[in-house]
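Examination of the molecular architecture
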Amino acid sequence: MSIRLRLTLWFSGLLALMMIAFGFLVYYVVSLNTMQELKGRLQDEAKALEPYISPNRNGIGFDLGISVPRDFDYNMIGIQVVSYLQDREGTVSRKSFAYGTDLAYPAKKDAKSRYTKVHMDGSPFYVFETPITLTGSTEIVGLLQVAGYIGKEESMLLLLRTILVLTGVAALLVAFMLGMFLSRKALQPIEQVTAAAERIQSGSDLSTRIPGDSQDEIGRLRSTLNHMLERLETAYKGLEESNIAQRRFVSDASHELRTPLTTIRGNVDFLAKVWEGAHGEKSQALTTEEREQLSKEAIHDIADEARRMSRLVNDLLALARADAGSDVPMERLSLRPLAEEAARRAAFLPRNAEWIVGPLEALDGVWVKGNRDYLLQLLFIFIENGFKYTPSGEVRLEAVRSEDRVGLVVADTGIGMSKEEVPHIFDRFYRADESRGKTSGTGLGLSIAKWIADMHNASLEVRTKLGEGSRFFVWFPVDFSEPAEYDIIEPTERPRLPEREES
Ligand code: ADP
């Protein structure tokens, strides 16, 4: 059964109950009132007639007579007087007087004041009967019956009953139809919502929303569904994007791995050819020194590419583990010793630029919760890049403080970057055209740095100018307004990175 029909039936049922109760009440009150008035009149009449009843003694009791004055105003239809006489066989009763009526009467022992309803010649009457006693005695000698016609009242009550039933039925019919109409109107928005949801479910377009602007319960349902759709769409888009990114990552990775492998295979083939020739015809073309020279170059190339490959594989592994979200132990770390350690080790890196360690006082007393190895790796990615992209000049490590954060800065006076390149440098496998071919690299360093920064709740900032140099900042949020013990930065849970192998 549909909700619409159920609602209508409920409402109509309730209305029917209320109308039945109301009808009964009205009918009861009206009939009680009408009959009460009639009963009162009958009783008054009986009282008025009583003084005119005269007992005539005979051998077996009192024969009652009634002599009503001429001018007596008869309100009632019938009057009857019954005498209870005592003969040898027992009590006999007899009608002493009857006016306009012929009423049945009770035996002496049953005589008492009461009302009864009788039908005479098919017409309804109400009869009031009251026992008659002699003055100063309780002995019942007769009975006075006064009858009143109640046909008018009965037909009035019948009319009232008919009106009540008919209006009740009509009202119920109207209420049912109105209920059907109103519930359809009330449920229409739900049907719209259902239809829209079905359309969305059967189609593949998650950007569709359920239309409407009402603020009622249906409006809330609609906006909840729309929010749900929005979240579904975002999640679906995210999934799609991550799928695309994953596919691009795999294809980029295989491409990057193929390049060094091709070089290695080429050099191995070349070496084979060079040394095959030593015992054949072509051997005459190359001297042993030339052969050794060529072999050295080939082996050097192979070693370079093998190193590049090993670094690439390590970086790939690092990112894959980061994506998988492995756990990294975090501890309370003081930033100053960490920066000093990075500075000390950086001095041994191959470089053309000068290595300068600037003021690190800003880090004094600053503690963060983090992983020492990962933070060192992050600094090394910046420092190595600094050296790589600074053919001459200087690379500097320093610390700065702003309102609510401390920053470690790796600044160089190298080749710098153009405005167009900067948005991409944290993308996996991105290498600016300028860097390709000129410097060795995987294009993964800065994406790893970003993962490490995210893991520590730190933010990265780059300031650079083409041809003038770059500055890479890693900012740690610190609340300087609190005492020292509150300087600890709680990072959010992030996928963890394994250590990056230095080349
Ligand atoms: P890689 O250095 O292995 O190429 P990265 O992810 O570390 O990969 O860097 C991405 C790109 O950002 C680099 O190829 C380079 O073009 C640019 N880049 C990074 N650091 C610097 C820097 N200090 N100066 C100039 N360009 C840089």
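Let me sum up the structure you'll find in this document. (Residues numbered from 1 in each chain as written. Predicted model: local features only at pLDDT ≥ 70, side-chain atom pairs only at ≥ 80, totals over all residues. Heavy atoms only, no water.)

A few points about the overall build of the protein
- Scanning the protein from terminus to terminus reveals seven helices and 14 strands.
- Counting only contacts in the protein whose residues sit at least 6 apart along the sequence, the fraction spanning at least 24 positions is 67%.
- Of the roughly 30,000 Å² of accessible surface on the protein, a fraction of 56% belongs to carbon and sulfur atoms. (Helix = DSSP H or I, 4+ residues; strand = E, 2+ residues; numbered from the N terminus. Contact = heavy atoms within 4.5 Å. Areas by Shrake-Rupley, 256 points an atom, 1.4 Å probe, with all protein chains shown as cover.)

Regarding the environment of Pro391
- Topologically, Pro391 is positioned in the loop between α6 (372-388) and β11 (394-402).
- Judged by relative accessible area, Pro391 falls into the exposed class, the value being 52%.
- In the structure, Pro391 is positioned 22 residues away from Thr413 in sequence and 9.0 Å away in space, judged by C-alpha atoms.
- Excluding residues within four positions of it along the chain, Pro391 makes contact with Asn352 and Ile415. (Buried < 20%, exposed > 50% of the residue type's maximum accessible area, 1.4 Å probe, protein only.)

Looking at the environment of Phe426
- Within the fold, Phe426 resides in the loop between β12 (405-412) and α7 (445-455).
- Sequence separation between Phe426 and Leu444 is 18 residues, and the spatial gap between their C-alpha atoms is 7.9 Å.
- Those residues within four positions of Phe426 in sequence are excluded, and the remaining contacts are Leu446, Ser447, Lys450, Leu460 and Val462.

Quick notes on helix α4 (residues 288-324)
- When the terminal C-alpha atoms of α4 are compared, their 53 Å separation across 37 residues agrees well with the 54 Å that a helix rising 1.5 Å per residue should span.
- Trailing α4 by a residue or two, Gly325 shows a phi angle of about 80 degrees, which is positive. (Expected span 1.5 Å × (residues − 1).)

Quick word on the side chain of Glu398
- When you line up the elements, Glu398 lands in strand β11.
- The exposure class of Glu398 is buried, given its relative accessible area of 19%.
- Residues within four places of Glu398 in sequence aside, it is in contact with Gly358, Pro359, Leu360, Gly407, Leu408 and Val409.

Brief notes about the pairing of β12
- Counting buried residues along β12, seven of its eight residues qualify, which places the element largely inside the surrounding structure.
- In this structure, the hairpin formed by β11 and β12 is closed by a connection of two residues.
- In the sheet, β12 pairs with strand β14 (residues 469-477) via eight bridges, with the strands oriented antiparallel. Along β14, the bridge assignment pairs Gly407 with Trp475. (Pairing = 2+ DSSP bridges.)

A look at the packing of aromatic side chains
- With the rule as written, the count across this model stands at seven aromatic pairs.
- Centroid distance Tyr115 to Tyr126: 6.5 Å. Interplanar angle 40 degrees. Geometry classified as tilted. Of this pair, Tyr115 sits in strand β5 (residues 114-120) while Tyr126 sits in strand β6 (residues 123-133), and the two are eleven residues apart along the sequence.
- The exposure class assigned to Tyr115 is partly exposed, which follows from its relative accessible area of 28%. (Phe/Tyr/Trp six-rings, centres within 6.5 Å; stacked < 30°, edge-to-face > 60°.)

Some points on the side chain of Glu384
- With respect to the helices, strands and loops of the structure, Glu384 is situated in helix α6.
- Residue class for Glu384 comes out buried when judged on its relative accessible area of 14%.

Brief notes about the pairing of β6
- Taken across its eleven residues, β6 has eight buried, putting it largely inside the fold.
- Examined bridge by bridge, β5 and β6 share seven bridges and lie antiparallel to one another. In the strand pairing of β6, Val118 is matched with Phe125.
- Here β6 pairs with strand β7 (residues 140-149) via nine bridges, running antiparallel. Counterpart to Pro131 in the pairing with β7 is Leu143.
- The antiparallel pairing of β6 with β7 creates a hairpin that spans six residues between the two strands, and Gly136 there sits at a positive phi of about 80 degrees.

Some details on unusual backbone geometry
- A positive phi angle, near 70 degrees, is found at Phe429, a position not held by glycine.
- Note on placement: Phe429 falls in the loop between β12 and α7.
- You will see that Asn457, though not glycine, has its phi angle at about 65 degrees, which is positive.
- Here Asn457 lies in the loop between α7 and β13 (459-465).
- Looking at Asn457, the relative accessible area reads 31%, which means it is partly exposed.

Let's talk about the pattern of salt bridges
- Applying the stated criterion across every chain yields a total of 19 salt bridges.
- With a closest N to O distance of 3.5 Å, Arg396 and Glu394 form a salt bridge.
- In the salt-bridge network here, residues are joined through shared partners; they are Arg336, Glu340, Glu361 and Asp364. (Salt bridge = Lys/Arg side-chain N within 4 Å of Asp/Glu carboxyl O.)

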